[in-house]
Amino acid sequence: MPLPHLRGCGNTELVQQESFTTCIKNNVSEYGGSDICLKEQLATADDAKATHFIFSAAQLKVGNSGKASDARTTGQFGKGALTAYSVADVIQLLSHEQLLILDPHGTHLPQGLSSLAFNFVNAKDEFYTDLFAEAPNQLQPFLFFTEGCSEVPTLAPQSGYPGTLFRLPLRTADAALSSQISSQGISTEQFSETLHGFMQTAPDLLLFTRHVTKVSVYIKETVDSPADLKHTSVASRSAIAHDPLATNMRMEKLTISSENAGLQTVKVWHKAVNTASPSQSDGMAVLAQLQHGSNAAQKWPVISGKMYSTMALPIDTKGLPVHINGPFRMSADRRKLWEGQGDRGQASFMLSC
């Protein structure tokens, strides 16, 4: 029987090192299932200063990092991006000249490797591989997407890609039987429900993003069909005059226009932003106007207030009809405020009404 991987020397205590798959499994368990995966990927895109978040699904029909000390980033401890493993065991990432394949189990890559990087543009790079000639199947899904979606540049040989593309092959029921990350397979029907829920909430997810101002969702119902735009949300900001004596604050009007399943919705928010905060986006938002389709606009409709840490949290504002955003100290699963003391410090915010 092989010994577990141990570390230590001399009189120090030997400690078994946690495998990466166990780390991911615990993270996925803490954060929840596939329902939050897309929201966390949007948060990651905002942290990376992307302005447009595009999701495309094929063959579906819709019915501890440096972030720990940076209050300007959404994800605590760099764990939000790992939620991608709630739906996939292998992740592919293509950006600029690089293709990166992440396989924590070490079962899909040669020699049991858990990751593999290729440079498919610069022939002078030590990791250069002409993937278009030697491994075209690895690039084919990215080609299908970029050639079928009018809003993104097309991937081309010998040319760096001006953006970042993620590929998340859904974990099948068979793969789940041997997965060390999750024992749950993700069917197309299940992910369709996840995608439907994301499209319903996408407009409000743009309330406090710092960089992302547009979300698009495309569906390719067959591999050969063009990508069909199913949802779009666009946010635009303008200044609102306010009392000049109110320092460290600015007032904004945020208009979020969305179209989902042919229904157009416009929400107009008034935001008070604390410009003295590290992110310069902390503050609160009140819904000033709501219009569905050709119906008459509602003025100052009552909403159920939520707390945000850039992304919406599953915490209400105790009956206040406003959304409140701030760099709150959160529990590991981002589902409640951190209580008590520990390595994350004391709770930085307590809401009482």
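Check the entry above for the structure.
Residues numbered from 1 in each chain as written. Predicted model: local features only at pLDDT ≥ 70, side-chain atom pairs only at ≥ 80, totals over all residues. Heavy atoms only, no water.

Enquirer: With reference to specific residues and values, describe the overall build of the protein.
Expert: Assigned secondary structure in the protein consists of six helices and 16 strands. Across the 353 residues in the protein, those meeting the buried criterion constitute 41%. For the protein, the exposed area adds up to about 18900 Å²; of that, 52% sits on carbon and sulfur atoms. (Helix = DSSP H or I, 4+ residues; strand = E, 2+ residues; numbered from the N terminus. Buried < 20%, exposed > 50% of the residue type's maximum accessible area, 1.4 Å probe, protein only. Areas by Shrake-Rupley, 256 points an atom, 1.4 Å probe, with all protein chains shown as cover.)

Enquirer: So what's going on with the pattern of salt bridges? Residues and values would help.
Expert: All chains considered together, the criterion is met by nine salt bridges. As a salt-bridge pair, Arg171 and Asp89 come within 2.8 Å of each other at their nearest N and O atoms. Of this pair, Arg171 sits in the loop between strand 7 (161–167) and helix 5 (173–178) while Asp89 sits in the loop between strand 3 (52–58) and strand 4 (91–96), and the two are 82 residues apart along the sequence. You'll find Arg171 and Asp89 in the same group, each marked buried. When the shortest N-O distance is used, the salt bridge between Lys230 and Asp228 registers 3.2 Å. (Salt bridge = Lys/Arg side-chain N within 4 Å of Asp/Glu carboxyl O.)

Enquirer: An account of the pairing of strand 12 (residues 282–292) is needed here, citing residue identities and associated values.
Expert: With 10 bridges connecting them, strand 11 (residues 263–274) and strand 12 associate as antiparallel partners. From the neighbouring strand, His270 faces strand 12, where its bridge partner is Val286. Bridging between strand 12 and strand 16 (residues 323–325) involves three bridges; their strand directions are antiparallel. Residue pairing for strand 16: Met284 is matched across the bridge by Ile324. Direction of pairing for strand 12 relative to strand 13 (residues 298–299): antiparallel, over a ladder of two bridges. Counted as the bridge partner of Leu290 is Gln298 from strand 13. In this antiparallel pair of consecutive strands, strand 12 and strand 13, the connection spans five residues, and Gly293 shows a positive phi of 55 degrees. (Pairing = 2+ DSSP bridges.)

Enquirer: An account of the packing of aromatic side chains is needed here, citing residue identities and associated values.
Expert: Where two aromatic rings form a pair, the distance of their centres and the angle of their planes describe that pair. Scanning the entire structure with this criterion turns up four aromatic pairs. Taken together, a centroid distance of 5.8 Å and an interplanar angle of 40 degrees make the contact between Phe55 and Phe191 tilted. (Phe/Tyr/Trp six-rings, centres within 6.5 Å; stacked < 30°, edge-to-face > 60°.)

Enquirer: An account of helix 1 (residues 20–31) is needed here, citing residue identities and associated values.
Expert: Here helix 1 contains 12 residues, and its C-alpha end-to-end distance of 16 Å stays within 8% of the 16 Å for a straight helix at 1.5 Å per residue. Within helix 1, burial applies to Thr21, Ile24, Asn27, Val28 and Tyr31. Down the axis of helix 1, the sector holding all buried residues measures 125 degrees, keeping them to one side. Of the surrounding elements, those touching the buried residues of helix 1 are helix 2 (37–47). (Expected span 1.5 Å × (residues − 1). Arc of directions from axis to C-beta. Contact = heavy atoms within 4.5 Å.)

The values are spatial; any link to function lies outside them.
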